[in-house]
Amino acid sequence: MSANNDGVKIKPELMEKEKLYHCIFKNKALLLFKDSQDFLNCYEIEEESLVNRIQKCKSDSELEKILADYLKD
């Protein structure tokens, strides 16, 4: 998955099942997840503070921690 000025390009055929993917596009975080039945789930986050934290994360485990911490609040 990649994002540029033209939009977000997703290649579901290359995505691993049960893995969370993310990208930043137009000040929004997009979270994508391909489930065990090959359905693609997409979530859009607009909350600026959370988008900034997601943008700075360096690994999948860090992204999962950011989301888990956010859900606790």
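Shown above is the structure to which this text applies.
Residues numbered from 1 in each chain as written. Predicted model: local features only at pLDDT ≥ 70, side-chain atom pairs only at ≥ 80, totals over all residues. Heavy atoms only, no water.

Participant: How would you summarise the nonpolar core if you had to cite specific residues and measurements?
Facilitator: Within the largest apolar cluster, 11 residues are counted, these being Leu20, Ala29, Leu31, Ile45, Leu50, Val51, Ile54, Cys57, Leu63, Ile66 and Leu67. Where this core is concerned, the elements lending two or more residues are β4 (28–34), α1 (48–56) and α2 (60–72). In this structure Ile66 touches Leu50, Arg53, Ile54 and Cys57, once residues within four positions along its chain are discounted. With six residues, the next largest nonpolar core counts Met15, Tyr21, Cys23 and Leu30 among its residues. (Core = buried A, V, L, I, M, F, W, Y, C linked by side-chain atoms within 4.5 Å. Buried < 20%, exposed > 50% of the residue type's maximum accessible area, 1.4 Å probe, protein only. Helix = DSSP H or I, 4+ residues; strand = E, 2+ residues; numbered from the N terminus. Contact = heavy atoms within 4.5 Å.)

Participant: If you had to explain the packing of α1 against α2 to someone new, which residues and values would you point to?
Facilitator: Axis separation between α1 and α2 bottoms out at 9 Å; the angle between their running directions is 160 degrees. Between α1 and α2, the angle falls in the class roughly antiparallel. Relative to α2, the crossing made by α1 is right-handed. Here Leu50, Arg53, Ile54 and Lys56 of α1 lie close against α2, whose contacting residues are Glu62, Leu63, Ile66, Leu67, Asp69 and Tyr70. Considered class by class, the residues forming the contact of α1 with α2 number six nonpolar, no polar and four charged. (Axes fitted to C-alpha atoms, helices over the stretch in contact; angles between N-to-C directions. Parallel < 35°, antiparallel > 145°, perpendicular 65-115°, else oblique. Left-handed = near helix turned anticlockwise from the far one by under 90°. Nonpolar A, V, L, I, M, F, W, Y, C, P; charged D, E, K, R; others polar.)

Participant: An account of the sheet that holds strand β3 (residues 20–25) is requested, with residue identities and associated values reported.
Facilitator: What the three strands build is an open sheet, ordered β3-β4-β5; its pairing is antiparallel. Taken across any chain shown, the strands that pair with only one partner, and hence form the sheet edges, are β3 and β5 (40–45). On average, each strand axis in the sheet is inclined to that of its neighbour by 20 degrees, with strand direction left out of account. As paired strands, β3 and β4 are joined by six bridges and run antiparallel to one another. Note on β4: the bridge partner recorded for Leu20 is Phe33. α1 rests against β3, β4 and β5 of the sheet, and its axis sits at about 115 degrees to β3. Where α2 meets the sheet, it contacts β3, β4 and β5, and its direction lies at approximately 80 degrees from that of β3. (Pairing = 2+ DSSP bridges.)

Participant: Describe α2, naming the residues involved and giving the relevant values.
Facilitator: Along its 13 residues, α2 runs 19 Å from first to last C-alpha, staying within 8% of the 18 Å computed at 1.5 Å per residue. Within the sequence span of α2, burial applies to Leu63, Ile66 and Leu67. Buried residues of α2, seen end-on, are gathered within an arc of 90 degrees and therefore sit on one face of the element. Seen from the buried face of α2, the exposed residues on the opposite side, beyond 90 degrees, are Ser61, Lys65 and Lys72. Contact partners of the buried residues in α2: β3, β4, β5 and α1. (Expected span 1.5 Å × (residues − 1). Arc of directions from axis to C-beta.)

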